[in-house]
Amino acid sequence: MSESIDGLDVGAHFLDRLSAEQKAEVQAAGRTILVPQGDMVFSQGEHHSGIFIIRRGQVRVYYTAPSGREITLAYWTPGHFIGGPEISGGGPHMWAGVAMEDCEITALPSAALQRLLVQMPAFALALIDGLIAKGKCYSSMAQMLGTRSVIERLAQYLLNLAELYGVADGDIVIVNRKVTHDQIAAMVGSTRQWVTMMLKRFQTKHIIATEDGVIRIKRVDLLEKILFRE
């Protein structure tokens, strides 16, 4: 969740500063695991033993409160690493990661990670780059949660979807990605019932239309008006 999509994928390039040989060494230090869609990459509360570099697929990272409510921290794509903020091992995972599609992942154990950090300064700098990108991402989410109302967060989320996955059809923007009400609720920090109610209200006001789970944004200007009202 972010005020804009600018820089959302920067962390996917954290290994770009490495040479081909160095990337191969990082790959060799870990082990490749295949995670089917719907399976957990790691679970909240389990022992932390390293990080995971996504080679293929998409992983949703989320936090579950004692009440059972969830909030999605991010959807991470190929090139990103997940499993932080701990990187040296020990302690529990603060959140969980689930494969949203079939994933190929390099699991990098803590011992191998620490060895690479000592022996390969370029990798240490690359990991810092990745941590900076994640810090910015989570800071942006915290700012949204702290300064935007839930309806403003919903409007921003729809605008982000339009910019990331939108296809223009005249004056209408078709979001070329299906999302469930549960997924939207977890992103904006609300409940599925509230999201369903608000999306129906948006449809009544002809801001959006939905068909077979596909969102069509008819009035981008009205979504922007929600964000920038006095």
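Whatever comes next refers back to the structure up there.
Positions within a chain are numbered from 1, following the residues in the order the chain's sequence is written. Local features in this predicted model are restricted to residues whose pLDDT is 70 or higher, and side-chain atom pairs enter the listing and the counts only when it is 80 or higher, whereas totals over whole chains, interfaces and linings include all residues. Computation of side-chain values covers all heavy atoms of the structure but excludes hydrogens and water.

The omega torsion of the bond from Gly 84 to Pro 85 falls at 5°, within 30 degrees of zero and hence cis. Put simply, DSSP H or I for four residues or longer makes a helix, DSSP E for two residues or longer makes a strand, and each gets a number counted from the N terminus. Along the chain, the position of Pro 85 falls in the loop between strand E6 (81-82) and strand E7 (96-99). Phi angles above zero are rare outside glycine, and His 206 is one such case at about 60°. Along the chain, His 206 turns up in the loop between helix H6 (192-204) and strand E11 (208-211).

With respect to the helices and strands, His 93 occurs in the loop between E6 and E7. Only protein chains enter the accessibility calculation, which uses a 1.4 Å probe. A residue is then buried if its area is under 20% of the maximum for its type, exposed if over 50%, and partly exposed in between. Taking relative accessible area as the criterion, His 93 reaches 5% and is therefore assigned buried. Whether two residues are in contact is decided by their heavy atoms, any of which lying within 4.5 Å being enough. Ignoring anything within four residues of it in the chain, the contact list for His 93 reads Phe 42, Ser 43, Gln 44, Gly 45, Glu 46, His 47, His 48, Gly 50 and Gly 83.

Among buried residues, those of type Ala, Val, Leu, Ile, Met, Phe, Trp, Tyr and Cys that are joined through side-chain atoms within 4.5 Å constitute a nonpolar core. Leu 158, Ile 184, Phe 202, Ile 217 and Leu 223 are the most contacted members of the largest nonpolar core, which totals 27 residues. Every element with two or more residues in this core is listed here: helix H4 (150-165), strand E10 (172-175), helix H5 (181-188), H6, strand E12 (214-217) and helix H7 (220-228). Among the elements that make up this core, the one with the highest residue count is H4 (eight residues). Judged by nonpolar contacts, the second largest core, of 20 residues, contains Phe 42, Ile 54, Trp 95 and Tyr 138.

Another aspect to go through is the pattern of salt bridges. Put simply, a salt bridge is a Lys or Arg side-chain nitrogen that is within 4 Å of an Asp or Glu carboxyl oxygen. Taken as a whole and judged by the stated rule, the model has seven salt bridges. In this structure, Arg 56 and Glu 104 form a salt bridge, with 3.8 Å as the shortest nitrogen-oxygen distance. With a gap of 48 residues between them, Arg 56 in strand E3 (residues 50-56) and Glu 104 in strand E8 (residues 103-109) connect regions that are remote in the sequence. The exposure class assigned to Glu 104 is partly exposed, which follows from its relative accessible area of 25%. Among the ionic pairs, Arg 192 bridges to Asp 182, the shortest N-O distance being 3.7 Å. With Arg 192 in helix H6 and Asp 182 in helix H5, the pair connects residues that are ten residues apart, well separated along the chain. For Asp 182, a relative accessible area of 48% gives the class partly exposed.

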